[in-house]
Amino acid sequence: MRWENYTSLPEAFRNQRVFDGCGISGFINIDGTRVSGEKIIDMLCILKERENGLGAGYAAYGIYPKFKDYYAFHFIFDTDAAKLKVLDYLEKYGNIIQSEPIPTNICGDIDKPPITWRVFFEPMRNKNQNSEANIVQIVMEINANINNAFVMSSGKNMGVFKGNGWSYEIANFYKIKEYKAYMWLGHSRFPTNTPGWWGGAHPFNLLNCSVVHNGEITSYGTNRRFLESFGYKCTLFTDTEVIAYLIDLLCRRHKIPTSIAAIALAPPLFNEIEKFNKKSQIIFKNIRATYRSAMLNGPFSIVVGISDPVPTMMGLSDRKKLRPLVVGISEDENTVYMSSEEASFRRLMITNNNFGLKEIWHPKSGTAVIAKFGKGLIKKGLESPLKMNNLSPMEVV
Amino acid sequence: MQVNKNMIVNEIKEKNYEISLKEIIEIDASPNGEPIEYRDLNNMIHKSVNNNCKKIVLNNVCGQRFIGAALQGDIEIIINGIPGNDLGIFMDGPKIFVNGNCEDQVANTMNHGMIIIDGDGGDVIGLSLRGGTIYIKKDVGYRVGIHMKEYENKIPIIIVGGTTRDFLGEYMAGGIVIVLGLKFLPDGSVVENKQPICGNELGTGIHGGSIFLRTDANLEDKLGVGAKISEYGANEKAKITPFLIEYCKNFNIPIDLVYNKPFQVIKPISKRPFGGTYCSQLI
Amino acid sequence: MTIAHEIISYYKVNINREDCRKCKRCINNCSYGVFSFNGEKIVAESDKCVACQRCVVMCPEKAIHISQNESYLPPHGNYTRKIRNIIWAQSGNGGVLLSATGNDRPIRSIFDDLLLDACQVTNPSIDPLRETIETKIFFGRKPKKLEFIVESDDLNDVSLKTKIDPNFEIDMPIMIGHMSLGSISYNACKAIYQAAGELNIVAGSGEGGLYSDFYEYAPNIITEIASGRFGVDINYLNNAAGLEIKIGQGAKPGHGGHLPGEKVSSLIAQTRMIPKGSDALSPYPHHDIYSIEDLAQLIAALKEATRYKVPVGVKIAAVHNSAPIAVGIVRGGADFLTIDGFRGGTGAAPRIIRDHAGIPIELAIAAVDERLKEENLREGVTLIAGGSIRYSADLIKVIALGADVAMCALPVLIAMGCRVCQQCFRGLCSWGIATQQEYLVKRLDINIAKNRIINLFRSWNEELKEVLGAMGIDSVESLRSNRERLRYIGPNPRIADILGVKHAGE
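Definitions and cut-offs
- Residues numbered from 1 in each chain as written.
- Chains lettered and ligands numbered in written order.
- Predicted model: local features only at pLDDT ≥ 70, side-chain atom pairs only at ≥ 80, totals over all residues.
- Heavy atoms only, no water.
- Contact = heavy atoms within 4.5 Å.
- Buried area = accessible area lost by both parts, 1.4 Å probe.
- Salt bridge = Lys/Arg side-chain N within 4 Å of Asp/Glu carboxyl O.
- Polar contact = N/O pair within 3.5 Å; in protein donor to acceptor, adjacent residues only side chain to side chain.
- Helix = DSSP H or I, 4+ residues; strand = E, 2+ residues; numbered from the N terminus.
- Buried < 20%, exposed > 50% of the residue type's maximum accessible area, 1.4 Å probe, protein only.
- Domains from an automatic or database assignment.
- Pairing = 2+ DSSP bridges.
- Axes fitted to C-alpha atoms, helices over the stretch in contact; angles between N-to-C directions.
- Phe/Tyr/Trp six-rings, centres within 6.5 Å; stacked < 30°, edge-to-face > 60°.
- Nonpolar A, V, L, I, M, F, W, Y, C, P; charged D, E, K, R; others polar.
- pLDDT = per-residue confidence, 0-100.
- Lys, Arg positive; Asp, Glu negative; His and termini not counted.
- Expected span 1.5 Å × (residues − 1).

Q: Explain the interface of chain A and chain C here, please?
A: Size of an interface: often given as the accessible area lost when the parts come together. Chain A puts 54 residues into the contact, and the matching count from chain C is 49 residues. Three residues stand out in chain A for area buried against chain C, namely R225, R292 and K320 of chain A, and they jointly supply 17% of the buried area on that side. Of the charged contacts in the structure, one is a salt bridge between E477 of chain C and R292 of chain A, with a shortest N-O distance of 3.8 Å. At the boundary of chain A and chain C, one finds 25 residue pairs in polar contact (both at pLDDT 80 or more). Within the residue set of the side of chain A that touches chain C, elements represented by two or more residues are α5 (220–228), α7 (258–265), α8 (270–273), α9 (278–290) and β19 (376–379) of chain A. Broken down by element, the side of chain A that touches chain C gets its largest block of residues, eight residues, from α9 of chain A.

Next up, the structure:
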């Protein structure tokens, strides 16, 4: 565990982008059953070859049922002064329902441990913009302009727990096993050119959307400028940030269905589109034309968790399939698992002899796997973009 | 289906192999429910080999990488569980049998030997494969057979029972890839697989070797740069028959089922597909 | 001209008398009247020579050699030979000196100070030979967002609610710049339009109108509505992939087009509806555009006139206030915007304007891209940058700085045979490109010229893919405005700041 660089990168590294190799994992219980973090820890920690101890994190959905109507901010502060400054700032824009430390385990004597804090918050009504836009503004403001403070997550009834250490260390630090969630994401990191910082670990979160990402976005400059024109500020020195904001823009602000947002992020090649029927050609070409600067280029596998309007987990890999992604579904079809390697599923079988998966498969490149509350696995990631008419979720053809 | 030491012993007795029990060893890759590091596991394998073990059974394998890396000798490794990336990388001789799926980069730059996967394969199988045989029962991923090579009579073979994805045989310089397009039902019977047998960019950049696809689908618009559909004549059939027979025996596939559909062969248009792309002129 | 003011010729024509067969081909070929025969041998008047190389290429014995006249003027670091010649010329004829092609002052090219990134280790490069890299661009106005009508989760049940403005597709991010029929010959125009059709890119028609012979190439032509409104009739408006209002051009910001009378042949007189032999001088401003709202009005008028079927855009020269001007134009309804840098070419322009007015396209496009982004206008409009895009390196860099499409013209002429002798305005082009004289025009073989243009842009596109692949990008859309992939290595770090590009090593 590295007890430094909580809320920012050291000056010398600030102007550089961080390159990562990583491991990602996630699962969702479609009926909303909340389970402990043990499973995600098993799934993630077996991918230890994909991390180098310089960052890991977890996102958990459904962990604050008592406060589910309030925005749950997860903060990291370097100093008490920063914490007070942020709390003051929040008071100006709404009501703090509850403010408390995030419980942590610190083993041994640490000179300057991070201050991990959570606030359940109700923003003031503002007739110029909705409450979500208020929260986004607050998050951007704190991350960009309040020193020694960092917002890890800002969604309702969910939280991100991350830091600079090995996946099992972070799990232990935040007492992940003690939370119960219906959807868990996990990420372990292998940054190559910086010592890592707590804020730079994944998952990246904005409102209810969290992203864990393996790979590197070569279109980062283009994506970032696109987002900046919509008011997002990219301050976190990591390319994954743009994925979270792009999904926020497409799904929340532009109200585009998740499956279509996935097409904007990883569209089919033009020579593929030429083979579609006329109506679909128009739709796909327009998606590519309008959202050309949202397209993610470069190797990537991502798992995305969204909880508004309907809790959804989406897995997506780049259209040249340069990063791995494996998906599995439980025997009762109630839980969908995703990971960088099948070893994650195997690990669950070793831990629990009764654990079995009905099916394991590799989704196609650039094809989203989507699991939704109530509906189950609506996209397996094996479909050609259009032909899925008569498929029940488990049928291949 | 788990294969354990007793089963091997029985098999050996049945077939009257001359091998003593001392030469068989079983290793638990996750003792006490905790998967061990790949370094430790591979160490144990090497130690066993040095102690003249001929058959090594690995149980509860959970993502450990580099199993069989640069291993030489007349050895058989049986894996229960899921081996991690780079299974059999640089391997030169041994046989590996996997009872289930495997991760990516199987047989990476392998020189000689045999790998049998009783399940799905991952991406980038047989990268720069130099020799040996890879048999996979079900489906595989992207860039399978990429940059396979051959020289004179050293010809590597990859046979896939199910389907493949994009970039099959990318930059192939030699060797043989065969894809059957079959599907195994839970009761063990074998039927035709309705998923497309391959993805796009088939054989892109191929300049040696051949790809056989057991399908009557139109492959023209799937071809990559420098690939063409070639004639599947008697010569070609003779070339692949012995391997198909061996493959079918391994996975209990009726050989007649395999031959009831025609094969299409993908070969390079030329040895030098990019000869015209570059120009050298004094500036 | 009195002896005291005789200007020494720039070039010297050297004839190797041993090899010369006196076949007189040089006399026939030189359109500037350099050669004659005095009964005994070929005589060359070097002060008429413009070094266009026609005689050198056409002499069967390769006996002709053009060199710089070594006769030496007293050297002066400040009053260069060129400045002295300019003063002598102007005191001789009292006029505004004309020139052609683009700025030829040795001002440092910013493109040459930019370096490209490549991927290693942390990211794989992509192989353009074997894997698909896309270079397609959608040309036209895009909506701010898309709205869908979703019947079910099945993508087959999704339809598009948003109304989309007209767009067309081009296969490469390249546009052939506007060169009017008049400034260049009929054969040159035809070769260009045919090449544009085969490559599926667009070419500009220039402001000389579109001759009816060229209507069949309309799907790949952007017609220009300039201040002179030459040839602007219903056919012109309806036979185009897009319409461009020319407010300015990089070679001569603030000026209108200029076609000297020497080049106004009967063909030109017919197409432009002006008397044969008169100068075609376009007015400096559009006389119905005196402010931004007037421009918005003209854009709206053109959209009405074409029934909203094609994109309507604007071209401006890159000047000091390009960024706010660009914002105004986009808000005024332009679907695409072309910025023409100060090195842009022309058939005729006053030398003083060509060489001294305007700003480099590198800075202009970066500033316009940034400003449009700040006002959330960038995504909706297609930005085209030109002046001068010399070869594929410039194409790639200008895209990374913020342009969707790069516009180039002089390379097309050079491909067809132009030697850049800068005499286009005289209408004596011995290569048959920048002339209207029949006997010269027929020297340009349309088919060969067309194929050379196609070769040129095909190799640029392949080079673009090579670079994109090295950067780990598989679509040119992901390079646009991606300044992260550039680094600056020039002498002035301030330029790097303005471009938004980091210095090499950072």
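Still to come is the rest of the account.
Q: How should α5 of chain A be read in this particular structure?
A: Residues that lie three or four places apart on an α-helix share one face, since the helix turns once every 3.6 residues. Burial analysis of α5 of chain A places seven of its nine residues in the buried class, the great majority of the element. Among the residues of α5 of chain A, those classed as buried are Y220, G221, T222, N223, R225, F226 and L227 of chain A. Close packing links the buried residues of α5 of chain A with α6 (240–253) of chain A together with α10 (361–374) of chain C.

Q: Can you help me understand the side chain of K397 of chain C in this one?
A: Mapped onto the secondary structure, K397 of chain C falls in helix α11 (residues 392–401). Beyond its immediate stretch of four places on either side in the chain, K397 of chain C contacts F111, L114, L116 and L486 of chain C.

Q: What is the right way to look at the domain arrangement of chain C in this model?
A: Residue and element names in this part refer to chain C. Looking at chain C, the domain boundaries give domain 1 (11–95) and domain 2 (167–503). Summarising the inter-unit geometry, the C-alpha centres of domain 1 and domain 2 are found 33 Å apart. At the junction of the two partners, domain 1 supplies twelve residues and domain 2 supplies twelve residues. Between domain 1 and domain 2 the total buried area reaches about 1100 Å² when both faces are included, carbon and sulfur atoms providing 56% of it.

Q: I'm lost on the sheet that holds strand β4 (residues 71–77) of chain A in this one. Help?
A: Through backbone hydrogen bonds, the strands of a sheet pair up, either in parallel or in antiparallel fashion. Residues and elements named next belong to chain A. On the basis of which strands lie adjacent, the open sheet formed by four strands has the order β5-β6-β4-β7 and antiparallel pairing. The sheet is open, and its two edges are formed by β5 (94–101) and β7 (149–153), each paired on a single side. Each adjacent strand pair in this sheet contributes to an overall mean axis angle of 30°, direction not counted. Looking at chain direction, β4 and strand β6 (residues 115–123) are connected through seven bridges and run antiparallel. Looking across to β6, one finds that F73 is bridged to V119. Against the sheet, helix α2 (residues 80–93) contacts β4, β5, β6 and β7, and its axis sits at roughly 5° relative to β6. With respect to the sheet, helix α3 (residues 131–145) is in contact with β4, β6 and β7, its orientation differing from that of β4 by roughly 0°.

Q: So what exactly am I meant to see when it comes to the packing of aromatic side chains here?
A: What describes a pair of aromatic rings is the distance from one ring centre to the other and the angle between the planes of the rings. All names here are of chain B. Applying the stated criterion to the full structure yields 35 aromatic pairs over all chains. Arranged with centres 6.5 Å apart and planes meeting at 80°, the rings of F212 and F263 form a pair that is edge-to-face. Here F212 is found in strand β11 (residues 208–214), whereas its partner F263 is found in strand β13 (residues 263–268), with 51 residues between them in sequence. The exposure class assigned to F212 is buried, which follows from its relative accessible area of 0%.

Q: Help me understand the domain arrangement of chain B in this model?
A: All names here are of chain B. Splitting chain B by domain gives domain 1 (19–106) and domain 2 (119–273). Across the boundary between the two partners, domain 1 contributes seven residues, which contact eight residues of domain 2. Summed over both partners, the interface of domain 1 with domain 2 comes to about 610 Å²; 46% of that surface belongs to carbon and sulfur atoms. On the surface where domain 1 and domain 2 come into contact, there are zero salt bridges. Class assignment of the residues belonging to the side of domain 1 that touches domain 2 gives a composition of two nonpolar, three polar and two charged.

Q: I tried to follow the confidence of the model for chain C on my own but got confused; where do I start?
A: Caution applies to low-pLDDT regions: their predicted coordinates should not be interpreted in detail. When pLDDT is averaged along chain C, the result is 90; 99% of the residues meet or exceed 70. Here the predicted complex carries an ipTM of 0.85, next to a pTM of 0.83.

Q: Before we go on, may I ask you to explain the side chain of R165 of chain B in this structure?
A: Topologically, R165 of chain B is positioned in the loop between β7 (157–160) and β8 (173–179). The side chain of R165 of chain B is buried and forms no salt bridge, while D123 of chain B, the nearest opposite charge, is found at 6.2 Å. A distance of 3.2 Å separates a polar atom in the side chain of R165 of chain B from the backbone oxygen of P363 of chain A. Aside from chain neighbours lying at most four places away, what touches R165 of chain B is H362, P363, K364 and L382 of chain A together with V140, G141, Y142, C198 and G199 of chain B.

Q: Is there a simple way to explain helix α14 (residues 446–470) of chain C in this structure?
A: Residue and element names in this part refer to chain C. The terminal C-alpha atoms of α14, which comprises 25 residues, lie 36 Å apart, in line with the 36 Å expected from a rise of 1.5 Å per residue. The complete set of buried residues in α14 reads A449, K450, I453, I454, F457, W460, N461, L464, K465, V467, L468 and G469. Close packing links the buried residues of α14 with β6 (114–116), β11 (174–176), α4 (186–199), α11, β21 (405–408) and α12 (410–416). Where α14 begins, the side chain of D445 points an oxygen toward the backbone nitrogen of N447, at a separation of 2.8 Å. Positive backbone phi, at 75°, marks G472, one or two positions downstream of α14.

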